[in-house]
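# Analysis of the macromolecular model
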Amino acid sequence: MSNELIFGFHSVEAILNKEPERFIEIYALKGREDKRLNPIINLARQFGVSIQFMQRKALDDKARGEQHQGIIARVKEGKKYNEKDLDQIIANSDTPFLLVLDGVTDPHNLGACLRNADAAGVDAIIVPKDKSAKLNGTARKVACGAAETVPLVQVTNLARTLRDIKEMGVWVVGTAGETDVEVFDAKLTGPMAIVMGAEGSGMRRLTREHCDELVKIPMVGTVSSLNVSVATGICLFEVLRQRRG
């Protein structure tokens, strides 16, 4: 089984609390003792995790430019989700709530979308295996622990997956600038999948064709588009607002 490096307090602590058996080793900044680092180190020791204390340069070198906040962990690869897991994920929810990311290739954006998804109560994020950011250390750090709570489902054929979840009763809503329907006017209360396309190019043609409805975020300023994670947050929390309303 392969392993990976994860960075930062939130991502290390999230895996430590949920899956401590995945830890191989922790690398921590030598001489740093504070209320953020010490509890993680103490918890890791309780689980018998090996800890190495390093000078900052050695830790920086190991992080290869990532912002590590004084802690890095080497962990075994976590569970990977695919099409076969979607049936159970949808069945486990009274009102399934999914996020689909089509062509989001920046791990920072993926991490931010994971964080938004966790906060809004999304059951899973669906991404294509190709032309999509990977769930690496950068994405996990930006996600602030959400990568351990929201399943990231990688699918071989996104259009086919959209067709399958529609057959399971999920209404697929895509985001596109050319529609006249604003997201705040759409009915978003039932089993729902929100589809976000890549910045600039948007959703691919086949993805768009499998959407039941298209909505847009109203723009009144001079910029033509929002960062995909910001747009995702707006759409997800509109679903949450309507469901709670």
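Everything below is about the structure printed above this text.
Since the structure is predicted, the reported quantities are computational estimates derived from the model, not experimental observations.

### Describing the environment of Phe7
Of note, Phe7 is situated in strand S1 (residues 3-7). Given a relative accessible area of 6%, Phe7 falls into the buried group. C-alpha of Phe7 to C-alpha of Ala73: the two residues are 66 residues apart in sequence and 6.6 Å apart in space. In contact with Phe7, other than residues within four places in its own chain, are Val12, Ala63, Glu66, Gln67, His68, Ile71, Ile72, Gly137, Thr138 and Lys141.

### Concerning the nonpolar core
Counting 33 residues, the largest nonpolar core has Leu99, Leu101, Leu114, Ile125, Ile194, Met196 and Leu236 as its most contacted members. Listing elements by their share of this core, those giving two or more residues are strand S5 (97-102), helix H5 (107-120), strand S6 (124-128), helix H6 (137-143), strand S9 (192-197) and helix H9 (228-244). If near-sequence neighbours (up to four positions away) are discounted, Leu114 is found in contact with Ile125, Leu135, Ala143, Ala146, Ala147 and Val150.

### Considering the sheet that holds strand S8 (residues 171-175)
The parallel open sheet is built from six strands, whose spatial order is S7-S6-S5-S9-S8-S10. This sheet does not close on itself; its edge strands, each paired only once, are strand S7 (152-155) and strand S10 (213-215). In this sheet, adjacent strand axes meet at a mean angle of 25° when their direction is disregarded. Across six bridges, the pairing between S5 and S9 is parallel. The residue of S9 that forms the bridge with Asp102 is Gly197.

### Some details on unusual backbone geometry
Backbone geometry at Lys131 places phi at a positive 55°, although glycine is not the residue there. Structurally, the position occupied by Lys131 is in the loop between S6 and H6. On the basis of relative accessible area, Lys131 is assigned to the exposed category, the value being 65%. Backbone geometry places Cys144, a non-glycine residue, at a positive phi of 55°. If you trace the backbone, Cys144 turns up in the loop between H6 and S7. The exposure class of Cys144 is partly exposed, given its relative accessible area of 24%.

What counts, and at which threshold
What you see as residue numbers is a count from 1 along each chain, following the sequence as written. Confidence filtering applies because this is a predicted model: local features only for residues at pLDDT of at least 70, side-chain atom pairs given and counted only at 80 or more, and all residues used for totals across whole chains, interfaces and linings. Heavy atoms throughout the structure, all of them, feed into the side-chain values; hydrogens and water do not. Secondary structure elements are defined from DSSP: runs of H or I of at least 4 residues count as helices, runs of E of at least 2 residues count as strands, and each element is numbered from the N terminus. Burial classes: relative accessible area under 20% of the type maximum marks a residue as buried, over 50% as exposed, and values in between as partly exposed (1.4 Å probe, protein chains only). Whether two residues are in contact is decided by their heavy atoms, any of which lying within 4.5 Å being enough. In this text, buried Ala, Val, Leu, Ile, Met, Phe, Trp, Tyr and Cys residues form a nonpolar core when linked through side-chain atoms within 4.5 Å. Any two strands with at least two DSSP bridges between them are considered paired. Convention adopted: a line fitted to C-alpha atoms gives each axis, helices being fitted over their contacting stretch, and angles between N-to-C directions are expressed from 0 to 180 degrees.

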